[in-house]
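# Overview (structure and organization)
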Amino acid sequence: MSAPDVTVVGGGIIGCSIAWRLAQQGFSVSIYEANRIGSEASWAGAGMLAPGGEVDRDSPWALRSIESLRVYPAFLDELHEESGLAADYRPCGAIELAYSEGEFSTDQARATSQARLGIHSERLSANEVLNRVPGLNARGLEGGFFYPRDAIVDPREVVAALRLACERRGVRIEEGRRVDSLSELNGGAVVVAAGAWASALSPALPEAFPVKGYLAGYALPRGAVGPILRRGHTYILQRSNGFTIAGSTTERAGFDRTVDPSIVQSIHRRAHQLLPSLLIASPEESWIGFRPGAAGDEPQVGRFGESRIWLAYGHYRNGILLAPITASLIAAAIIASSGTR
Ligand code: GLY
């Protein structure tokens, strides 16, 4: 078998999106995935497409987050067309909840600086919040900020569609294919999309590291939770089928896969405090994932020096959101470097 034009190391949402975009342009692409396609951060992620919750300072990636959210519906439509699979997508907005004057003024300051970046929000009184969120704990509620553009997608469904779209475009997918060093890969361009594991491929690469996060899942009636609810480090969101997810934690704990019941309970307590009448029983499911952190706290996306290596990792809390834009950036750069096709 001839060597591919491009080898993508890592078959999460980022690697698969890049492979798909390149295959659409006629490149011969292979994905090498150490485990199963989409089985790490892309499997674990809640799927918030939410610059309103994640972005509060000006940077190129702040603007890319907003742009990626804008193109997400078109990305999903195209994926649906090519794969036949639709991913659950809810443009439901989000509410940042404030339970004290201090929280409200912090949220106000954040909303003001976000508005300068183009992230729109609306200030709501306590009553306006309660009208939008049945079952919300009213005690001490000061008000909130509604972010109408924030949305939710099911990342597992996006990855399933990407896999099929890649296969239909002739991408060769090798699961259980672990790459220990970039020096194993001969010829052609290499895209490093191995998330928290990326820098293990070469000591020369910018550092990547795992940031462990817990999530808890509940089976609730469909439609019981409207917008994403956020307060500080707590968030609650609901899929169209009723499955409701509460999060989260952030821990630099290496690749420790332990699911500690006391941490799950602490998430449950925080979520229950917000929705006491809905989150009555303990969660039915809980899981952890490794957010892909990277040196400099910004994604590492672009060519590595003048080499044939392209970096696409370090999306930290926003890999699901940033997949469309990262794929476009990397595919365009590879196409430009290889001449017109
Ligand atoms: N994007 C939310 C989280 O990483 O917990």
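Residues numbered from 1 in each chain as written. Predicted model: local features only at pLDDT ≥ 70, side-chain atom pairs only at ≥ 80, totals over all residues. Heavy atoms only, no water.

What follows concerns the sheet that holds strand S8 (residues 151-153). What the 3 strands build is an open sheet, ordered S3-S8-S4; its pairing is antiparallel. A single partner strand is all that each edge strand has here, and the edge strands are strand S3 (48-49) and strand S4 (89-90). Summarising the sheet, S3 and S8 pair through 2 bridges and their orientation is antiparallel. Residue pairing in the sheet places Met48 in a bridge with Ile152 of S8. Strand contacts of helix H4 (residues 60-83): S3, S4 and S8, with the helix running at about 35° to S8, the strand carrying the most contacts. (Pairing = 2+ DSSP bridges. Helix = DSSP H or I, 4+ residues; strand = E, 2+ residues; numbered from the N terminus. Contact = heavy atoms within 4.5 Å. Axes fitted to C-alpha atoms, helices over the stretch in contact; angles between N-to-C directions.)

Okay, the site of the ligand next. Every residue near the ligand is listed here: Met48, Glu54, Tyr235, Ser248, Arg291 and Arg317. Here Glu54 contributes a side-chain N or O atom positioned 3.5 Å from a nitrogen atom of the ligand. In the model, an oxygen atom of the ligand is placed 2.6 Å from a nitrogen or oxygen of the Arg291 side chain. Across the complex, the protein chains shield 87% of the 200 Å² of accessible surface that the ligand would expose by itself. For the shell around the ligand, the residue count by class is 2 nonpolar, 1 polar and 3 charged. (Near = heavy atom within 4 Å. Polar contact = N/O pair within 3.5 Å; in protein donor to acceptor, adjacent residues only side chain to side chain. Areas by Shrake-Rupley, 256 points an atom, 1.4 Å probe, with all protein chains shown as cover. Nonpolar A, V, L, I, M, F, W, Y, C, P; charged D, E, K, R; others polar.)

Right, let's talk about the side chain of Ser248 for a bit. Looking at the secondary structure, you find Ser248 in the loop between strand S14 (243-247) and helix H8 (261-274). On the basis of relative accessible area, Ser248 is assigned to the buried category, the value being 6%. A polar atom in the side chain of Ser248 sits 2.9 Å from the side chain of Arg291. Excluding residues within four positions of it along the chain, Ser248 makes contact with Gly213, Tyr214, Leu215, His233, Tyr235, Ile267, Arg270 and Arg291. (Buried < 20%, exposed > 50% of the residue type's maximum accessible area, 1.4 Å probe, protein only.)

Within the largest apolar cluster, 43 residues are counted, with the highest numbers of intra-cluster contacts made by Ile13, Ile31, Val158 and Val191. Other than its neighbours up to four places away in sequence, Ile13 contacts Ser42, Tyr72, Val158, Val159, Leu162, Gly319, Ile320 and Ala323. Grouped together as the second largest cluster of nonpolar side chains are 26 residues, Ile236, Ile267, Leu274 and Phe290 included. (Core = buried A, V, L, I, M, F, W, Y, C linked by side-chain atoms within 4.5 Å.)

Our focus in this paragraph is H4. At Val71, H4 shows its largest bend, some 45°, and a proline, Pro73, comes one to four positions later. Taken residue by residue, H4 has Trp61, Ala62, Ser65, Ser68, Leu69, Tyr72, Phe75, Leu76, Leu79, Glu82 and Ser83 as its buried positions. Gly84 occupies a position one or two residues after H4 and carries a positive phi of about 80°. (Bend = angle between axes of the 7 residues up to and from the residue.)

Here we take up the state of the cysteines. Working definition: the covalent bond between the sulfur atoms of two cysteines is a disulfide. Applying the stated rule across the entire model yields 0 disulfides. Note on Cys16: no disulfide assigned, nearest cysteine sulfur contributed by Cys166 at a separation of 5.3 Å. Judged by its relative accessible area of 0%, Cys16 falls in the buried class. (Disulfide = S-S within 2.5 Å.)

Here we take up the sheet that holds strand S10 (residues 189-192). Hydrogen bonds between backbone groups are what pair the strands of a sheet, and the pairing can be parallel or antiparallel. The 6 strands lie next to each other as S9-S2-S1-S10-S17-S16, forming an open sheet whose pairing is mixed. Of all the strands in the sheet, the pair left with one neighbour each is strand S9 (172-175) and strand S16 (300-303). The mean angle between the axes of side-by-side strands here comes to 15°, regardless of whether they run parallel or antiparallel. Relative to strand S2 (residues 29-33), strand S1 (residues 6-9) runs parallel, the two sharing 4 bridges. Of the residues in S2, the one forming a bridge with Val9 is Tyr32. Lying over the sheet, helix H1 (residues 13-24) contacts S1, S2, S10 and strand S17 (309-313), oriented at roughly 170° with respect to S2.

Attention shifts here to the side chain of Ser202. With respect to the element layout, Ser202 can be found in the loop between S10 and strand S11 (208-219). On the basis of relative accessible area, Ser202 is assigned to the buried category, the value being 16%. At 3.1 Å, the side chain of Ser202 forms a polar contact with the backbone nitrogen of Ala204.

One way to put it is that H4 packs onto helix H7 (residues 155-168) with a least axis distance of 8 Å and a crossing angle of 55°. Judged by the inter-axis angle, H4 sits oblique to H7. The two elements H4 and H7 cross, and the hand of that crossing is left-handed. Contacts from Phe75, Leu76, Leu79, Glu82 and Ser83 in H4 reach Val158, Ala161, Leu162, Leu164, Ala165 and Arg168 in H7. A per-class count over the contact of H4 with H7 returns 8 nonpolar, 1 polar and 2 charged. (Parallel < 35°, antiparallel > 145°, perpendicular 65-115°, else oblique. Left-handed = near helix turned anticlockwise from the far one by under 90°.)

The next thing to look at is the environment of Val179. Considering the arrangement of structural elements, one finds Val179 in the loop between S9 and S10. As a C-alpha pair, Val179 and Ala194 span 15 residues in sequence and 9.8 Å in three-dimensional space. Val179 has contacts with Val9, Tyr32, Glu184, Leu185 and Leu201, leaving out every residue within four places of it along the chain.

We now examine the packing of aromatic side chains. Within the structure shown, the criterion is met by 8 aromatic pairs. Relative to Trp287, the ring of Phe243 has its centre 6.3 Å away and its plane inclined at 20°; by these criteria the two rings are stacked. Taken together, the positions of Phe243 in strand S14 and Trp287 in strand S15 (residues 285-294) put the pair 44 residues apart, joining distant regions of the chain. Each member of the pair, Phe243 as well as Trp287, is classed as buried. (Phe/Tyr/Trp six-rings, centres within 6.5 Å; stacked < 30°, edge-to-face > 60°.)

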